[in-house]
Amino acid sequence: MKDACRLQILLLLVLGARVQECAACGQPSMSSRIVGGRDARDGEWPWQTSVQRRGAHVCGGSLVAPQWVLTAAHCFPRPVLPSEYSVLLGALSLGSASSRELLVPVRRVLLPPDYSEDEARGDLALLRLRHPVSLSARIQPVCLPAPGSPPPPGSPCWVTGWGSLRPGVPLPEGRPLQGVRVPLLDSRACDRLYHVGASVPRDERIVLPGNLCAGYRRGHKDACQGDSGGPLTCLESGRWVLVGVVSWGKGCALPNRPGVYTDVAKYTPWIQALLSL
């Protein structure tokens, strides 16, 4: 995480932005409905973005540097046409516009070299915005994880987004940003849960090593449709770190079917290499 923040500081210096904004990556200006969640408070998740296609919300995303947003690759049908996409930053709800929000066009959509169309691996997309954004209390980057492994299983994390409350039930009028606390699960434990009641042989992996999971065996709290690409963040040493990106799941908040996320730490070198361009 320290290396990632140093890189963000360098980027800010090059762009002429204030260094202290990067030094505070993953630190919202305040202390800290997805299924089973609650409305977010103003400035609570300042890295949360809405990825929009032709003006409509399609996925969540996370600001990782002033000109870069990380989201999920499956949010973009092929062929990808960046000109159709924009990113909304600083929004607390999608139902009403605010003068403190920014809508920035997307210049490029970059996918990891190992991304597979079936979303089994590499389900990430790094978006380069048309121009760097000005940071504020509502718009702040989240910290990238150090390359390697995610925090240990059981670590309390939060998933945020504007997705459905449950399948077929969208957010109420105003569409407030939602957040829910979920514990981390390692990919093997998660894979065992996904085999419960499934016809897939136990020696055939459903949840692959490049993924991690978060949620509860009994269900009730989870990401849902419209949350794809959004952040799973964990508090580490006083900073919020982008541990996962919402990728897929079976239904929403079902028993033995926790949410599946792309493990960002496995892709930190790829992300950092692009941020330094």
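None of the values given here were measured: they were computed from a predicted structure. Throughout, a residue's number is its position along its own chain's written sequence, starting from 1. The predicted origin of the model limits local features to residues at a pLDDT of at least 70 and limits the giving and counting of side-chain atom pairs to 80 or more, whereas totals for whole chains, interfaces and linings rest on all residues. Neither water nor hydrogens contribute to the side-chain values; these are computed over all heavy atoms in the structure.

A. Local environment of the packing of aromatic side chains. Here a pair means two rings of Phe, Tyr or Trp (six-membered ring of Trp) with centres within 6.5 Å. Their orientation is stacked below 30 degrees between planes, edge-to-face above 60, and tilted elsewhere. Summed over the entire model, instances satisfying the criterion amount to four aromatic pairs. Seen from their ring centres, Trp45 and Trp47 are 6.1 Å apart, and the 70 degrees between their planes marks the pair as edge-to-face. Exposure class is identical for Trp45 and Trp47. Each is buried. Put simply, the rings of Trp45, Trp47, Trp158 and Trp240 pair up and form one aromatic cluster. When a residue's accessible area, from a 1.4 Å probe over protein chains only, is under 20% of the maximum for its type it is buried; when over 50% it is exposed; and in between it is partly exposed.

B. Quick peek at helix α4 (residues 268-275). Secondary structure counts use DSSP, requiring at least four H or I residues in a row for a helix and at least two E residues in a row for a strand, with both numbered from the N terminus. For α4, the tally of buried residues reaches six of eight residues, placing the bulk of the element in the interior. Restricting attention to buried positions, one finds in α4 the residues Thr268, Trp270, Ile271, Gln272, Leu274 and Leu275.

C. Molecular detail of the state of the cysteines. Throughout, a disulfide means two cysteine sulfur atoms within 2.5 Å of one another. Within this structure, the stated rule accounts for four disulfides. Between the sulfur atoms of Cys190 and its disulfide partner Cys213 the distance amounts to 2.0 Å. Residues Cys190 and Cys213 are joined by a disulfide whose S-S torsion is about -80 degrees; by sign, that bridge is left-handed. A residue pair is termed long-range when its members are at least 10 positions apart, and Cys190 in helix α3 (residues 187-195) and Cys213 in strand β10 (residues 211-214) qualify at 23 residues. As far as burial versus exposure is concerned, Cys190 and Cys213 are alike and both buried.

D. Representation of the sheet that holds strand β4 (residues 68-71) within the structure. In this description, strands pair whenever DSSP reports at least two bridges between them. Here we have six strands rolled up into a closed barrel, ordered β2-β3-β4-β7-β6-β5, and antiparallel in their pairing. Neighbour-to-neighbour, the strand axes of this sheet turn through a mean angle of 45 degrees, independent of strand direction. Where β4 lies against strand β7 (residues 125-129), four bridges are found, and the strand directions are antiparallel. Opposite Thr71, over in β7, you have Ala125 as the bridge partner. Throughout, a residue-residue contact means that at least one pair of heavy atoms, one from each residue, lies within 4.5 Å. Axis lines are fitted through C-alpha atoms, for helices just across the contact stretch, and the angle between N-to-C directions can take any value from 0 to 180 degrees. Contacting β3 (56-65), β4, β6 (102-110) and β7, α4 runs over the sheet at an angle of about 15 degrees to β7.

E. Up close: the environment of Pro153. Residue placement: Pro153 occurs in the loop between β7 and β8 (156-161). Along the backbone, Pro153 and Leu184 are 31 residues apart, and their C-alpha atoms lie at a distance of 4.9 Å. Those residues in contact with Pro153, other than ones at most four positions away along the chain, are Leu184 and Asp186.

F. Geometry of the side chain of Arg138. Mapping Arg138 onto the fold places it in the loop between β7 and β8. The class of Arg138 is buried, set by a relative accessible area of 13%. Within the local environment of Arg138, its side chain forms a polar contact with the backbone oxygen of Gly90, the two atoms lying 2.9 Å apart. Whenever a nitrogen or oxygen atom comes within 3.5 Å of another N or O atom, the pair is scored as a polar contact, on the condition that within protein one atom can donate a hydrogen and the other can accept it, and that pairs from neighbouring residues in sequence are kept only if both atoms are in side chains.

G. Main features of the environment of Glu204. Secondary-structure assignment places Glu204 in the loop between α3 and β10. A residue is classified by how much of its surface remains accessible, and Glu204, at 44% relative accessible area, is partly exposed. Along the chain, Glu204 and Asp191 lie 13 residues apart, while their C-alpha atoms are 9.4 Å from each other.

H. Region of the structure containing the pairing of β3. Among the 10 residues in β3, eight count as buried, and that is most of the element. Of the strand pairs in this sheet, strand β2 (residues 48-53) and β3 are connected by six bridges, and their pairing is antiparallel. Within the sheet, the bridge partner assigned to Gln48 lies in β3 and is Ser62. In the sheet, β3 pairs with β4 via three bridges, with the strands oriented antiparallel. Bridge pairing in β4 links Ser62 to Leu70.

I. Quick look at the side chain of Asp263. Along the chain, the position of Asp263 falls in strand β13 (residues 259-263). Buried within the structure, Asp263 lacks any salt-bridge partner; Lys266 is the closest side chain of opposite charge, at an N-O distance of 4.3 Å. Within the local environment of Asp263, its side chain forms a polar contact with the backbone nitrogen of Ala265, the two atoms lying 3.3 Å apart. A residue counts as positive if it is Lys or Arg and as negative if it is Asp or Glu; His and the chain ends are not included. Counted as salt bridges are all cases of a side-chain nitrogen of Lys or Arg within 4 Å of a carboxyl oxygen of Asp or Glu.

J. Summary view of the pattern of salt bridges. Scanning the model with the defined rule gives three salt bridges in all. Note that Glu84 is salt-bridged to Arg54, the shortest N-O span being 2.7 Å. Residue Glu84 is found in the loop between β4 and β5 (85-89), and its partner Arg54 is found in the loop between β2 and β3; the two are separated by 30 residues along the sequence. The salt bridge partner of Arg205 is Asp191, with a shortest N-O separation of 3.7 Å. One end of the pair, Arg205, is in the loop between α3 and β10; the other, Asp191, is in helix α3, with 14 residues separating them in the sequence. We classify Arg205 as partly exposed; its relative accessible area is 26%. Asp191 gets classed as buried once you look at its relative accessible area, which sits at 5%.

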